[in-house]
Amino acid sequence: MLCPVCKNPMIVLELDQVEIDYCASCEGVWLDRGELELLLDTEQERARLLNILIEDDSVKEKSYPCPICGKKMNKVFVGEEKKILIDKCRKNHGLWLDKGELRSVIELGSDNKESKVINLLKQIFENSANK
Ligand SMILES: [Zn+2]
Ligand SMILES: [Zn+2]
């Protein structure tokens with residue numbers, strides 16, 4: 001699969017038994033449909049996170065093509081404060097998150113800020129930042 005932003009081949013990373021696609025050049029992450037929920041520990045956290053995904057057609061920021069179908073993705077805000085903006089395939093193939101956004105989204109959704117997934121994300125992204 002190619003990165004929708006820089007068109008480089010993405011690498012597959014395993015994150016607590018969930019395989020995610022990661023671009024080593026821009027550090028963005030592609031999640032197939034349903035994978036975001038798998039990164040959270042409890043049903044309650046999953047339900048809450050899905051509740052704070054707010055699709056917004058009015059956002060003018062450049063959108064990327066879905067790496068699966070090639071169609072332009074929708075902008076989706078995460079959280080009531082609308083600080084995090086991610087991309088979602090209109091055909092629901094999955095989600096694209098720019099550098100650092102995956103960790104912010106998971107932290108927003110998790111009750112446990114030291115969960116296994118959050119710690120793994122810290123390791124992956126801090127290592128690449130220090131290169
Ligand atoms: Zn990239
Ligand atoms: Zn798609």
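Check the entry above for the structure.
Here the structure is a predicted model, which means the values were calculated and not measured.

**Q** Could you clarify how one ought to interpret the overall build of the chain in this entry?
**A** Scanning the chain for helices and strands turns up four helices and seven strands. Shown N-terminal to C-terminal, the secondary structure of the chain runs as helices and strands in the order β-β-β-α-α-β-β-β-β-α-α. Radius of gyration (C-alpha) of the chain: 14 Å, near the 14 Å computed for a compact globule of 131 residues. For the chain, the spread of C-alpha atoms along the three principal axes comes to 35 × 35 × 25 Å. The buried share of the chain, taken over its 131 residues, is 42%. In the chain, the share of contacts with a sequence separation of at least 24, taken over all contacts with a separation of at least 6, comes to 47%. If you sum the accessible surface of the chain, you get close to 7,300 Å²; carbon and sulfur atoms cover 48% of it. Seen as two clouds, the 20 positive and the 24 negative side-chain charges of the chain have centres 6 Å apart.

**Q** Please explain the coordination of the zinc ion (ligand 1) as it appears in this structure.
**A** A metal bound by six donors in octahedral fashion has ideal angles of 90 or 180 degrees, whereas one bound by four tetrahedral donors has an ideal angle of 109.5 degrees. Protein coordination of the zinc ion (ligand 1) is provided by Cys-3 (SG), Cys-6 (SG), Cys-23 (SG) and Cys-26 (SG), with donor distances spanning 2.1 to 2.3 Å. Each of the four donor atoms around the zinc ion (ligand 1) contributes to a set of angles spanning 104 to 123°, which defines the coordination as tetrahedral. Taken in chain order, the donor set of the zinc ion (ligand 1) reads C-x2-C-x16-C-x2-C. On the criterion of sequence distance, the pair formed by Cys-6 in the segment before strand S1 (11-15) and Cys-26 in the loop between strand S2 (18-22) and strand S3 (29-32) is long-range, its members being 20 residues apart. Owing to a relative accessible area of 23%, Cys-26 belongs among the partly exposed residues under this scheme.

**Q** Help me understand the environment of Glu-43, please; the structure alone is not making it clear to me.
**A** Of note, Glu-43 is situated in helix H2 (residues 43-51). When the C-alpha atoms of Glu-43 and Ile-124 are compared, they prove to be 26 Å apart, with 81 residues separating the residues in sequence. Engagement of the side chain of Glu-43 in a polar contact is seen with the side chain of Arg-46, the distance being 3.0 Å.

**Q** Is there a simple way to think about the pattern of salt bridges in this case?
**A** Close approach of charged atoms allows side chains with opposite charge to pair. Applying the stated criterion across every chain, the model contains 12 salt bridges. Put simply, Lys-99 and Glu-27 hold a salt bridge, and the shortest N to O gap is 3.9 Å. Here Lys-99, found in the loop between strand S7 (94-97) and helix H3 (101-109), pairs with Glu-27, found in the loop between S2 and S3; they are 72 residues apart in sequence, far enough to count as distant.

**Q** Quick question: what am I supposed to make of the environment of Gln-17 here?
**A** Among the secondary structure elements, Gln-17 is positioned in the loop between S1 and S2. Gln-17 gets classed as exposed once you look at its relative accessible area, which sits at 70%. When the C-alpha atoms of Gln-17 and Ile-118 are compared, they prove to be 14 Å apart, with 101 residues separating the residues in sequence.

**Q** Hey, could you run me through the packing of aromatic side chains in this one?
**A** Two descriptors summarise a pair of aromatic rings, namely the distance from one centre to the other and the angle between the planes of the rings. A complete count under the given rule lists zero aromatic pairs for this structure. The aromatic ring of Tyr-64 is capped on one face by Lys-75, whose charged end is 5.3 Å from the ring centroid.

**Q** Teacher, can you tell me more about the coordination of the zinc ion (ligand 2) here?
**A** Looking at the zinc ion (ligand 2), one finds its protein donor set to be Cys-66 (SG), Cys-69 (SG), Cys-89 (SG) and His-93 (ND1), positioned 2.0 to 2.3 Å from the metal centre. What the four donor atoms of the zinc ion (ligand 2) show is an angle range of 102 to 118° at the metal, which sorts the shape as tetrahedral. Counting the intervening residues between successive donors of the zinc ion (ligand 2) yields the motif C-x2-C-x19-C-x3-H. Residue class for Cys-66 comes out buried when judged on its relative accessible area of 3%.

Thresholds, definitions, all that
- Residues numbered from 1 in each chain as written.
- Chains lettered and ligands numbered in written order.
- Predicted model: local features only at pLDDT ≥ 70, side-chain atom pairs only at ≥ 80, totals over all residues.
- Heavy atoms only, no water.
- Helix = DSSP H or I, 4+ residues; strand = E, 2+ residues; numbered from the N terminus.
- Rg over C-alpha atoms; globule rule 2.2 N^0.38 Å.
- Buried < 20%, exposed > 50% of the residue type's maximum accessible area, 1.4 Å probe, protein only.
- Contact = heavy atoms within 4.5 Å.
- Areas by Shrake-Rupley, 256 points an atom, 1.4 Å probe, with all protein chains shown as cover.
- Lys, Arg positive; Asp, Glu negative; His and termini not counted.
- Charge placed at Lys NZ, Arg CZ, Asp CG, Glu CD.
- Donors = N, O, S within 2.8 Å, 3.2 Å for Na, K, Ca; no water.
- Tetrahedral: all angles 85-135°; square planar, octahedral: opposite > 155°, others 65-115°.
- Polar contact = N/O pair within 3.5 Å; in protein donor to acceptor, adjacent residues only side chain to side chain.
- Salt bridge = Lys/Arg side-chain N within 4 Å of Asp/Glu carboxyl O.
- Phe/Tyr/Trp six-rings, centres within 6.5 Å; stacked < 30°, edge-to-face > 60°.
- Lys NZ or Arg CZ within 6 Å of the ring centre and 35° of its normal.

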